[in-house]
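# Structural description and commentary
What follows is each chain in one-letter form.
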Amino acid sequence: MGPVRYYFSIFLRRFPYFLIVALIVSVASIIIARALPPTYESQMRLIVESPQIPGNLAASTVNTSAAEQLQIVEQRLLTRPVLLDIARNFEVLSDQQEATPDQIVDTLRRNTHIHISTGRNQASLMTIVFEARSGAIAAGVLNEYLTEIQKLDVSYRKGRASDTLEFFEQEVERLSDELDKRSARILKFQNENSDALPSSLQFRMAQQGTLQTNLEQTDQQIFALKGQREKLLSIYSSTGQIVGVGQQAQTQAQQQLAQLRNQLDNQLVLYSESNPQIKLLRARIERLEDVVAAEQAAGSVPADTQTGNSALDIQLAQLDSQIAAEEDKRAVIEERLTDLTLTIDQTPANAITLAELQRDHDNIQTQYNNAVTRLASASTGERIEVTSQGQRISVIEYPVVPSGPTKPNRLMIAGGGTVFGIGLGLGLIVLLELLNRSVRRPEDLINKLEVWPIATIPYMRSRKEVIVYRLAWIAVILAIMVGVPAAVWAVHTYYLPLDLIAERVMDKLEVRW
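The shown structure was predicted, so the numbers you read here are calculated from the model rather than taken from an experiment. (Residues numbered from 1 in each chain as written. Predicted model: local features only at pLDDT ≥ 70, side-chain atom pairs only at ≥ 80, totals over all residues. Heavy atoms only, no water.)

Next up on the list: the overall build of the chain. Looking only at helices and strands, one finds 13 helices and four strands in the chain. For the chain, buried positions account for 32% of its 513 residues. Surface accessibility of the chain: about 32500 Å² in total, with carbon and sulfur atoms responsible for 56%. (Helix = DSSP H or I, 4+ residues; strand = E, 2+ residues; numbered from the N terminus. Buried < 20%, exposed > 50% of the residue type's maximum accessible area, 1.4 Å probe, protein only. Areas by Shrake-Rupley, 256 points an atom, 1.4 Å probe, with all protein chains shown as cover.)

If you want it as structure tokens, here you go:
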């Protein structure tokens with residue numbers, strides 16, 4: 001017997017086992033294909049549009065890339081509150097009243113398929129597919145998704161823009177208050193040190209030089225008056241005569257007073273009383289009038305200094321009054337010079353302190369100017385988002401009710417089950433042959449016993465045995481064909497519907513049809 005005929009004979013002997021396995025798997029696959037519930041799919045496509053206003057003209061403050069924006073929308077869309085709210089409007093699960101919130105959320109997430117397509121120099125697209133037990137539910141859930149996506153996108157971008165605007169408004173207000181405080185500190189310091197500020201240093205140094213010159217002139221004047229008095233006394237004591245009576249009849253203060261009055265008369269011809277020069281001349285005249293009055297009051301000399309000569313005594317009294325006036329003038333100049341020198345010495349330290357205050361003020365001013373500029377940009381960006389002129393998500397394909405179910409592919413499941421049953425039956429035959437170690441061929445005798453048979457006579461069944469054998473196999477086949485559907489029907493009717501069993505099995509295995 002050739003190998004082909006031998007293996008064919010083995011197949012014929014094991015054919016009932018092959019038939020039983022193939023029938024069981026095929027019938028089960030057909031029943032499962034019929035029992036699986038239909039699944040309807042609906043899809044929609046979204047695109048991220050670029051801002052309608054060019055960024056070089058007016059930029060939005062929400063700088064989120066298209067891919068990131070779609071990912072944010074995806075994560076917020078599949079949150080628990082959103083999914084439960086959508087589930088209240090649609091009976092997504094057939095037994096939704098008995099399902100827990102976790103089961104509802106897991107089912108919605110499992111039935112939602114989101115694909116994001118983006119890339120460099122490519123449009124950013126989002127495709128959302130939802131599976132449901134009816135087309136109306138699938139399209140309805142996608143419409144709810146679309147409403148939620150548009151709401152999330154608008155609220156997210158407006159919220160970001162409003163938060164940015166609010167931040168810069170608070171920053172501008174804070175910096176404005178800080179700037180006012182710095183300005184107040186500078187003004188207070190300047191008021192407290194108004195006589196020792198660096199801005200008036202040159203003027204005060206010039207005044208110092210003038211006062212020093214005046215002081216030197218006053219000292220010279222006092223020295224000259226004292227010398228003149230000594231000379232006058234010396235001449236009188238040696239000659240008994242008085243020199244320069246006519247020249248000394250009028251004091252120097254009186255002469256200056258007369259000159260100032262003449263100058264005032266000339267200036268009044270050109271200027272009014274409110275002119276600063278007129279006011280300055282009148283002030284100088286008033287001071288000289290006080291000096292002349294003091295000289296006249298001191299016109300009489302004490303008795304111990306009188307010489308007995310009235311003309312000499314008058315001249316000495318005039319010289320003494322002039323010396324006293326010059327000495328008073330010198331004391332005033334020294335006091336002013338001391339105060340002025342003190343302010344000049346304080347100026348460097350005040351300049352350092354004022355520079356520090358001014359530097360802090362300038363830094364705050366720079367920050368304030370930058371904040372104001374950014375506030376203007378934030379206000380423009382917020383306006384762009386409020387009017388929906390920025391980057392936004394638009395719909396290019398709206399969800400529609402599918403015309404027919406997309407899953408399951410019953411023909412493929414049934415055909416695949418049949419092919420799998422045939423393959424499983426063939427595999428069973430091979431397995432039985434591999435496990436069967438009995439002697440069935442002459443080659444087996446030669447290999448095991450090293451005996452060469454002369455001839456082989458096969459076992460011949462009687463007609464009765466053949467009929468009984470065939471009837472037994474027919475009964476087994478009929479039992480399979482009737483019993484398997486009956487068992488499946490009983491499970492479906494009295495235990496749990498097959499579609500729910502299939503769904504639970506798929507959930508456990510984490511497999512999708």
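In terms of burial, strand β3 (residues 125-132) is a largely internal element, eight of the eight residues being buried. Neither face of β3 is open: one carries Leu125, Thr127, Val129 and Glu131, the other Met126, Ile128, Phe130 and Ala132, and all of them are buried. Relative to β3, strand β1 (residues 40-49) is paired through eight bridges, and the arrangement is antiparallel. Of the residues in β3, the one forming a bridge with arginine 45 is threonine 127. Across six bridges, strand β2 (residues 112-117) lies against β3 in antiparallel orientation. Following the sheet pairing, isoleucine 116 is matched in β3 by methionine 126. (Pairing = 2+ DSSP bridges.)

For the rest of this paragraph, the subject is the pattern of salt bridges. Where charged atoms from two side chains of opposite charge come close, those side chains can pair. Taken as a whole and assessed by the stated rule, the structure comprises eleven salt bridges. In this structure, aspartate 85 engages arginine 88 in a salt bridge whose closest nitrogen and oxygen atoms are separated by 3.5 Å. With aspartate 85 and arginine 88 both in helix α3 (residues 80-89), this residue pair falls three residues apart, about one helical turn. Among the salt bridges present, the one from glutamate 178 reaches arginine 182, with a minimum N-O distance of 3.0 Å. In this pair, glutamate 178 and arginine 182 are both assigned in helix α5 (residues 135-192), four residues apart and thus about one turn of the helix distant. The class of glutamate 178 is partly exposed, set by a relative accessible area of 23%. One salt-bridge network, held together by shared partners, links Glu178, Arg182 and Asp360. (Salt bridge = Lys/Arg side-chain N within 4 Å of Asp/Glu carboxyl O.)

The predicted model of the chain has a mean per-residue pLDDT of 78, with 80% of residues at 70 or higher. Contacts from residues 245-249, a stretch scored under 50 in pLDDT, to residues over four places away or in other chains number seven contacts. A low-confidence stretch, residues 300-308 (pLDDT under 50), is modelled with ten contacts involving residues beyond four sequence positions or located in other chains. (pLDDT = per-residue confidence, 0-100. Contact = heavy atoms within 4.5 Å.)

Right, let's get into the side chain of glutamine 69. When you line up the elements, glutamine 69 lands in helix α2 (residues 66-77). Engagement of the side chain of glutamine 69 in a polar contact is seen with the side chain of aspartate 153, the distance being 2.4 Å. If we ignore the near neighbours within four places in the chain, the residues touching glutamine 69 are Val48, Thr64, Asp153, Arg157, Gln391, Arg392 and Ile393. (Polar contact = N/O pair within 3.5 Å; in protein donor to acceptor, adjacent residues only side chain to side chain.)

Next up on the list: the packing of α3 against α5. Two elements in contact, α3 and α5, have axes separated by 10 Å at closest approach and are oriented at 140°. Relative to α5, α3 is oriented oblique. Of the two possible hands of crossing, α3 and α5 adopt the one that is right-handed. Along the contact surface, α3 presents Val82, Leu83, Ile86 and Asn89, while α5 presents Val141, Glu144, Tyr145 and Glu148. (Axes fitted to C-alpha atoms, helices over the stretch in contact; angles between N-to-C directions. Parallel < 35°, antiparallel > 145°, perpendicular 65-115°, else oblique. Left-handed = near helix turned anticlockwise from the far one by under 90°.)

This next bit is on the nonpolar core. Nonpolar side chains in soluble globular proteins generally cluster together in the buried interior. Ranked by internal contacts, the top residues of the largest apolar core, which has 33 residues, are Ile128, Phe130 and Tyr145. Of all elements in the fold, only β1, α2, α3, α4 (101-111), β3, α5 and β4 (392-397) reach the threshold of two or more residues within this core. Tallying contributions element by element places α5 first for this core, with seven residues. One finds Leu257, Leu260, Ile278 and Leu281 within the second-largest nonpolar core, a separate group that totals eight residues. (Core = buried A, V, L, I, M, F, W, Y, C linked by side-chain atoms within 4.5 Å.)

A few words on the packing of α3 against α4. The relative placement of two packed helices is expressed as an angle between their axes plus a distance between the axes. It is the contact of α3 with α4, at a shortest axis distance of 9 Å, that shows an interaxial angle of 95°. Relative to α4, α3 is oriented roughly perpendicular. Side by side, α3 and α4 meet where Arg80, Leu83, Leu84 and Ala87 of the first sit next to Pro101, Asp102, Ile104, Val105, Leu108 and Arg109 of the second. Broken down by class, the residue content of the contact of α3 with α4 amounts to seven nonpolar, no polar and three charged. (Nonpolar A, V, L, I, M, F, W, Y, C, P; charged D, E, K, R; others polar.)

The next thing to look at is the side chain of serine 42. Positionally, serine 42 belongs in strand β1. Polar contacts involving the side chain of serine 42 include one to the main-chain carbonyl oxygen of valine 400, which spans 2.8 Å. Excluding residues that lie within four positions of it along the chain, serine 42 makes contacts with Ile128, Val129, Phe130, Ala138, Ala139, Leu142, Pro399, Val400 and Pro402.

Further remarks concern α3. Those residues of α3 that fall on the buried side of the exposure criterion are Val82, Leu83, Leu84, Ile86 and Ala87. On the buried face of α3, the contacting elements are α2, α4 and α5.

On the basis of which strands lie adjacent, the open sheet formed by four strands has the order β2-β3-β1-β4 and antiparallel pairing. Looking along the sheet, the strands with just one partner apiece sit at the ends: β2 and β4. On average, adjacent strands in this sheet sit at an angle of 25° to one another, irrespective of strand direction. With five bridges joining them, β1 and β4 adopt antiparallel strand pairing.

It is worth spelling out the packing of aromatic side chains at this point. A full pass over the atoms with the stated rule returns two aromatic pairs. Ring plane angle 90° and centroid distance 6.1 Å describe the contact between phenylalanine 130 and tyrosine 145, whose orientation is recorded as edge-to-face. Taken together, the residues span a long stretch of sequence, with phenylalanine 130 in strand β3 and tyrosine 145 in helix α5 at a distance of 15 residues. (Phe/Tyr/Trp six-rings, centres within 6.5 Å; stacked < 30°, edge-to-face > 60°.)

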